[in-house]
Structure formats: C-alpha cells, structure tokens
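Spelled out from the first residue to the last, the chains are:
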Amino acid sequence: MSFVCKFIENEKPISFFWDKFNFIKVHNHEYWECTILFGENIKHITKYKTEILKRGSAILVKESDEHSFSYIDQKHPLHLNLMITSNELKNLCDSIDPDIYETLSNQKDCLHIKISDSMLDIIERNINIVNHCNNNQNEIKKNILKLIFLDLIREFYESIIFDVNEYPAWLNDFLEDLKSEKNMSLKTEELIQKANYSYSRLCFLFKKYTKKNLHEYIKDLKLSYAKNLIKSSGESITNIAYK
C-alpha cells in the first residue's frame, strides 16, 4: 500500500528540505515534488521503470505519482527536495506559457533530467541564501524558490519537447558536446566540426530531429551558461563575454 505524503507547511505553497533518503518506501504526494541528487547513487523505482539516479539527477514527481527508492551499497546520498502545490506550479508555468503545466501534467511517469554542476552550485547557493533569511523575509524566500523552480521547469519541459530517446546516437553525442562546459568558449564553427556532417547537412538534420535552428540553439545555450556563470561566480559580464 502506498503512503501519502502531505504538504507539511500548508500556509506555504512552496517549500524545501535537505534529506538523506531516510524515507524510501512506496509513496505518493498531495503536491508536486522535485528531488535533486547532490550525493552518491540511489535507485529510483516507479510503476513504469527503474533507474539509477546520480549526482546531478533531478526527478519531477506529480501529485499521486507512486514511487520509491532503493539504496545502493546501503549509502544514504544527500538530496534536496523541493515541494510546490499544483496551484502555485500552474501560476509559475502560466507566467511562461499556459501549455507547459498541461504538458507536464500529461506525462504518465516521473520525469528525469541531468543538470550541470554549475546549475547545482547555483541551486545550492540560493538554498543557502533562503536558509539565512530571517522570519520577516518570507517573500524573499518564496521568490528565490520560485526562481529555482522556473529554471528546473524549463529543463523538464525541454526534456519532453526534445525527447532524446528518439534521436540517433550521433545526435545525442553532439548535444552532449554542445552542453559541455569545456566547449562553451568555442565558436559555432568549431562546435559544428564535432559532428561528422557538412555544415548544411548538419543544420538540416538538427532541424529535422529537434525542430530547432542550430545557431539559435547554440546561442541560447551560451546565454543560459553565461547567466548561470554570472550568478555562481560573481564575475563581471565583460570578463565572461571574453571567455
């Protein structure tokens, strides 16, 4: 039988806590939950699949989704749990596009993405800011948590739109190269050379599979990386622009 997790702080539509998977039995929720792994591996089990979560893994669990965890080598890895009510999440999604909430809600299983180390650092830093806010700064706490969720929603939504399971292996490898931090300073022409196709053929195939313009995709990745770098490093925009 599944155990139902209730929202602990009903007066707060968005909340979080750090944990080490002390509760791993089959359960569901009365809220949406995003679990982000900061420690070692653990097994995540749903009705449809079993997968290994690693550092940087993030899962989005809908209301009533049943899931559980299983330890690997009896290790209890550190993770962050972010909780948000349906109404609050819908309001966040609607601020971007009303279709996003419906798309997320229509997924039959929990969503699983891999987020970068730089994004992990930003999330951890922002959670630490929330922890150090005093009792009369509740609006600041809530707004910071909303910003964290907005970034994560974008990642989860893109994982649906760009279903990597439908991509050929070479394109998955190319996408990983594009997202790699070590390649962010490369010019577009240098990035394109990492695929074994001519420029025109690569642009055609990229558009065919992802429905996106290759140059626009690379530009968006670089802008997102620069934004995260500014938040996490404190460097000036000028210095980052020259990297």
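First, a word on scope: everything that follows refers to the structure included in this document. Remember, it's a predicted structure, so these values are computed and weren't measured experimentally.

Secondary structure summary: the protein contains nine helices and 10 strands in total. Burial status across the protein gives 42% buried among its 243 residues. Pairs at least 24 apart in sequence give 73% of the contacts found in the protein among residues at least 6 apart. A total of about 13,700 Å² of accessible surface is found on the protein, and carbon and sulfur atoms cover 50% of it.

Moving on: the pairing of strand β9 (residues 79–84). Most of β9 sits inside the fold, with six of its six residues counted as buried. Residues His79, Asn81 and Met83 line one face of β9 and the alternating positions Leu80, Leu82 and Ile84 line the opposite face, and both faces are buried. Direction of pairing for strand β2 (residues 14–19) relative to β9: antiparallel, over a ladder of six bridges. If you follow Trp18 over to β9, its bridge partner there is Leu80. Where strand β4 (residues 32–37) meets β9, six bridges bridge the pair, whose relative direction is antiparallel. Across the sheet, residue Leu37 finds its bridge partner in β9, namely His79.

What follows covers the packing of aromatic side chains. All chains considered together, the criterion is met by five aromatic pairs. Ring centres of Trp18 and Phe38 lie 5.0 Å apart, and the angle between their planes is 70°; on these two criteria the pair is classed as edge-to-face. Here Trp18 is found in strand β2, whereas its partner Phe38 is found in the loop between β4 and β5 (42–46), with 20 residues between them in sequence. Where Phe174 meets Phe206, the ring centres are 6.5 Å apart and the plane angle is 85°; that geometry is what we call edge-to-face.

Before going further, it helps to examine the pattern of salt bridges. Counted by the stated rule, this structure contains eight salt bridges. Arg55 is paired through a salt bridge with Asp117; the nearest N and O atoms lie 3.9 Å apart. Remark: Asp117 occurs in helix α3 (residues 117–132) and Arg55 occurs in the loop between β6 (50–53) and β7 (57–61); sequence separation between them is 62 residues. On the basis of relative accessibility, which here comes to 37%, the residue Arg55 falls in the partly exposed class. Residue classification places Asp117 among the partly exposed positions, given a relative accessible area of 43%. The closest approach of N and O atoms between Glu88 and Lys146, which form a salt bridge, is 3.4 Å. Here Glu88, found in helix α1 (residues 86–94), pairs with Lys146, found in helix α4 (residues 138–161); they are 58 residues apart in sequence, far enough to count as distant. Lys146 gets classed as partly exposed once you look at its relative accessible area, which sits at 23%. Taken together, the shared-partner salt bridges connect Glu88, Lys142 and Lys146 into one network.

Moving on: the sheet that holds β9. One open sheet accounts for five strands, arranged β2-β9-β4-β7-β10; its pairing is antiparallel. The strands lining the two open edges of the sheet, one partner per strand, are β2 and β10 (111–114). Taken pair by pair, the neighbouring strands of this sheet meet at an average axis angle of 15°, ignoring direction. In this sheet, β10 lies alongside β7 in antiparallel orientation, the contact comprising four bridges. By the bridge assignment for β10, Leu60 is matched with Leu111. Relative to the sheet, α3 contacts β2, β4 and β9, its axis offset from that of β2 by approximately 105°.

Residues Arg201, Lys207, Lys208 and Lys211 make up a contiguous surface patch of positive charge. Relative to the assigned elements, Lys211 resides in the loop between α7 (199–210) and α8 (214–233).

Procedures and definitions
Within each chain, residue numbers correspond to sequence positions counted from 1 in written order. Owing to the predicted nature of the model, reporting of local features is limited to residues with pLDDT of at least 70; listing and counting of side-chain atom pairs is limited to 80 or more, with chain, interface and lining totals taken over all residues. To get the side-chain values, all heavy atoms of the structure are used, and hydrogens and water are removed first. Helical segments are the DSSP runs of H or I of at least four residues, strand segments are the runs of E of at least two, and each set is numbered from the N terminus. The buried label applies to any residue whose accessible area, calculated with a 1.4 Å probe on protein chains only, is under 20% of its type's maximum; exposed applies above 50%, and partly exposed to all values in between. Two residues qualify as a contact provided that any one of their heavy atoms is within 4.5 Å of a heavy atom in the partner residue. All accessibility values rest on the Shrake-Rupley procedure with a 1.4 Å probe; residue burial counts only the protein chains present in the view. The pairing criterion is simple: DSSP has to find at least two bridges between the two strands. By convention, a stacked pair of Phe, Tyr or Trp rings (six-membered ring in the case of Trp) has centres within 6.5 Å and planes under 30 degrees apart, an edge-to-face pair has planes over 60 apart, and any other such pair is tilted. Think of a salt bridge as a Lys or Arg side-chain nitrogen and an Asp or Glu carboxyl oxygen that are within 4 Å of each other. Lines fitted to the C-alpha atoms define the axes, with helices restricted to the stretch that makes contact. Angles between their N-to-C directions range from 0 to 180 degrees. Residues forming no salt bridge and having over 30% relative accessible area are the ones grouped into patches, like charges within 9 Å of each other and nonpolar side chains (Val, Leu, Ile, Met, Phe, Trp, Tyr) within 5 Å. Counted as positive: Lys and Arg. Counted as negative: Asp and Glu, with His and the chain ends omitted from the count. Note that the charge is assigned to NZ on lysines, CZ on arginines, CG on aspartates and CD on glutamates.

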